[in-house]
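# Fold and contact review
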Amino acid sequence: MTQVQHHLDTPASQISNRVAVTQGRPDYRDSGLVFPVGFTFGSATASYQVEGAASEDGRGPSIWDTFSKTPGKVWNGDTGDVACDHYHRLDEDLDLMASLGLDAYRFSIAWPRIQASGRGPANQAGIDFYSRLVDGLLERGIKPVATLYHWDLPQPLEDLGGWASRATADAFEDYAAIVGTALGDRVHTWTTLNEPWCSAYLGYGQGGHAPGRHEPAAALAAVHHLNLAHGRALTALRATSTGTPEYSVTLNFHVLRGVGEGAPEAIRRIDGLANRAFTGPMLRGEYPADLLEDTASVTDWSFVQDGDLAAIHQPIDVLGVNYYSTATVRLWDGVSEKQMNDGHKGAAGGTAWPGSDQAVEFVEQPGPYTAMGWNIAPEGLEELLLSLSEQFPDQPLMITENGAAFEDEVSEDGSVPDVERLDYLRRHFTAAHRALSQGVDLRGYFVWSLLDNFEWGYGYAKRFGIVRVDFETLERTVKDSGHWYADLVRERAIPA
Ligand code: IFM
């Protein structure tokens, strides 16, 4: 098997294996490593995954309400109607965060709670909820890190074209101004979007996420309109926030390996679609030429209008990095119509574009795996942080999500011994520390997730929480990984 180490913005011809300059245990199972003063330890959730109260206090329907209620889309027919009932258990959850000693809490704001239709005046009840959340965090000494969009697009905006339509970016700017005005005196960090890759490619290309469309051209239009929404929201937040917040966006980077002779080409293509389609405009002010060329049979990118790239390309204080595993890709020659119909239709993995005679596919990775079937590769996190810091040397980084789904149970003594999750976290904190010790400007780390929650297409079948949620009683129980994390936060070092 050819393994090609991925350097995110490096031409395929220059990709070479990097021998990391690292110390410590080769299996990344370190303890005692001390994090720098000021490093932020947090945990994260997202609105639709935890809040519940889906039709209360003026909240309108989102694309995930529609999608989850469409038979066959989500495991077991699960929906976010109740989720963790965080909306009603806010104080309990705030106390839980305080008991873990978190420095920061990363949450998302449900756009349809603020504007039921995605347009028009603010719904005061929605504003009040997030205001209470922000105040409750500040009272407990926890920094509020707020994401404007973690996938719950108001359904009425989808009915008008969703992210494939430029009008959604226009609406997002207005929404950003509303939340900036309401909360920008207290929020510590604003994050515009969470993982626009998922919104665009899974939502509009591969169809496994809401709104479940299978339209490659719409997926690429969505990429651009999400980028535009990010830039416009930054402007609106800066204009309306009266405090001194930091500004960010969160991307889920693909750390790629390749197999077969076409590996460098496969990596270059997926790197373009999955990584550089976002970092290009956001951090460099341009779409990569090879991406435009690769996708020419799908779209002419005429949805990019004069002034858009300048609007998108704005300074951010911190780049949010979500990392769970690596991905392996392979180039296929002579792609058949059948392969195209087998799902190679516009997800960043399925790139058998119309008219193309080649496809890139994701292939199975060597284990071990989490319950999601994702390979456990802490070295991928270290590589990613080093690579980003090389590409964008002046850009501080923040791990805004990392964590693992494993099955766990409450044992007779009431504890939740989630050994595998704890081991996963230890190994990834070690990886982050190794990056820090090599000079990466890494500012913090948010564990995904605070609570077991609605895991999108998997419903409640996959548990990512460091706190277990009993979905019958909604009772919360801190897992062993949660106690371990509390120790880490208190000691500012990886515990034994
Ligand atoms: O649960 C998701 C989250 O909403 C976005 N990032 C990945 C997590 C695990 O799949």
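Worth saying up front: this structure is predicted, and the values here are computed from it rather than measured. (Residues numbered from 1 in each chain as written. Predicted model: local features only at pLDDT ≥ 70, side-chain atom pairs only at ≥ 80, totals over all residues. Heavy atoms only, no water.)

## Some points on the overall build of the protein
Counting its regular elements, the protein contains 16 helices and 13 strands. Here the C-alpha radius of gyration of the protein, 21 Å, is about what a compact globule of 496 residues would show, namely 23 Å. Along the three orthogonal principal directions, the C-alpha set of the protein runs to about 55 × 55 × 45 Å. Counting only contacts in the protein whose residues sit at least 6 apart along the sequence, the fraction spanning at least 24 positions is 78%. On the protein, roughly 17,500 Å² of surface is accessible, and the fraction owed to carbon and sulfur atoms is 50%. Of the charged side chains in the protein, 38 are positive and 68 negative, and the gap between their average positions amounts to 1 Å. (Helix = DSSP H or I, 4+ residues; strand = E, 2+ residues; numbered from the N terminus. Rg over C-alpha atoms; globule rule 2.2 N^0.38 Å. Contact = heavy atoms within 4.5 Å. Areas by Shrake-Rupley, 256 points an atom, 1.4 Å probe, with all protein chains shown as cover. Lys, Arg positive; Asp, Glu negative; His and termini not counted. Charge placed at Lys NZ, Arg CZ, Asp CG, Glu CD.)

## What about the packing of helix α7 (residues 166-183) against helix α9 (residues 216-240)?
Packed helices, taken two at a time, are described by the angle their axes make and the gap between the axes. Following both chains from N to C, one finds α7 and α9 inclined at 25°, their axes separated by 8 Å at the closest point. The angle between the axes of α7 and α9 places the two elements in the roughly parallel class. The interaxial crossing formed by α7 with α9 has right-handed handedness. Listed contacts from α9 to Arg166, Ala169, Asp170, Phe172, Glu173, Ala176, Ala177, Val179, Gly180 and Thr181 of α7 are His224, His225, Leu228, Ala229, Arg232, Ala233, Ala236, Leu237 and Thr240. (Axes fitted to C-alpha atoms, helices over the stretch in contact; angles between N-to-C directions. Parallel < 35°, antiparallel > 145°, perpendicular 65-115°, else oblique. Left-handed = near helix turned anticlockwise from the far one by under 90°.)

## Quick look at the pattern of salt bridges
Counted under the stated rule, the structure contains 34 salt bridges. Between Glu51 and Arg113 there is a salt bridge, with its nearest N and O atoms 2.7 Å apart. Taken as a pair, Glu51 in the loop between α1 (47-50) and α2 (63-68) and Arg113 in helix α4 (residues 111-114) lie far apart in primary sequence, 62 residues in all. In this structure, Asp441 engages Arg443 in a salt bridge whose closest nitrogen and oxygen atoms are separated by 2.7 Å. A relative accessible area of 38% means that Arg443 is categorised as partly exposed. Connected through salt bridges with shared partners, the residues Glu265, Arg268, Arg269, Asp271, Arg276, Asp290 and Asp294 form a single ionic network. (Salt bridge = Lys/Arg side-chain N within 4 Å of Asp/Glu carboxyl O. Buried < 20%, exposed > 50% of the residue type's maximum accessible area, 1.4 Å probe, protein only.)

## Topic: unusual backbone geometry
The residue after Ala210, namely Pro211, is reached through a cis peptide bond having omega 5°. Structurally, the position occupied by Pro211 is in the loop between α8 (196-206) and α9. Of note, the amide linkage connecting Trp448 to Ser449 takes the cis form, showing an omega dihedral of 10°. The residue Ser449 is located in the loop between β11 (442-448) and β12 (467-469) in this model. Of note in the backbone geometry, Asn76 takes a positive phi value of approximately 65° without being a glycine. Structurally, Asn76 is set in the loop between α2 and α3 (90-100). Classification of Asn76 by relative accessible area gives exposed; the value is 57%. Phi angles above zero are rare outside glycine, and Trp456 is one such case at about 50°.

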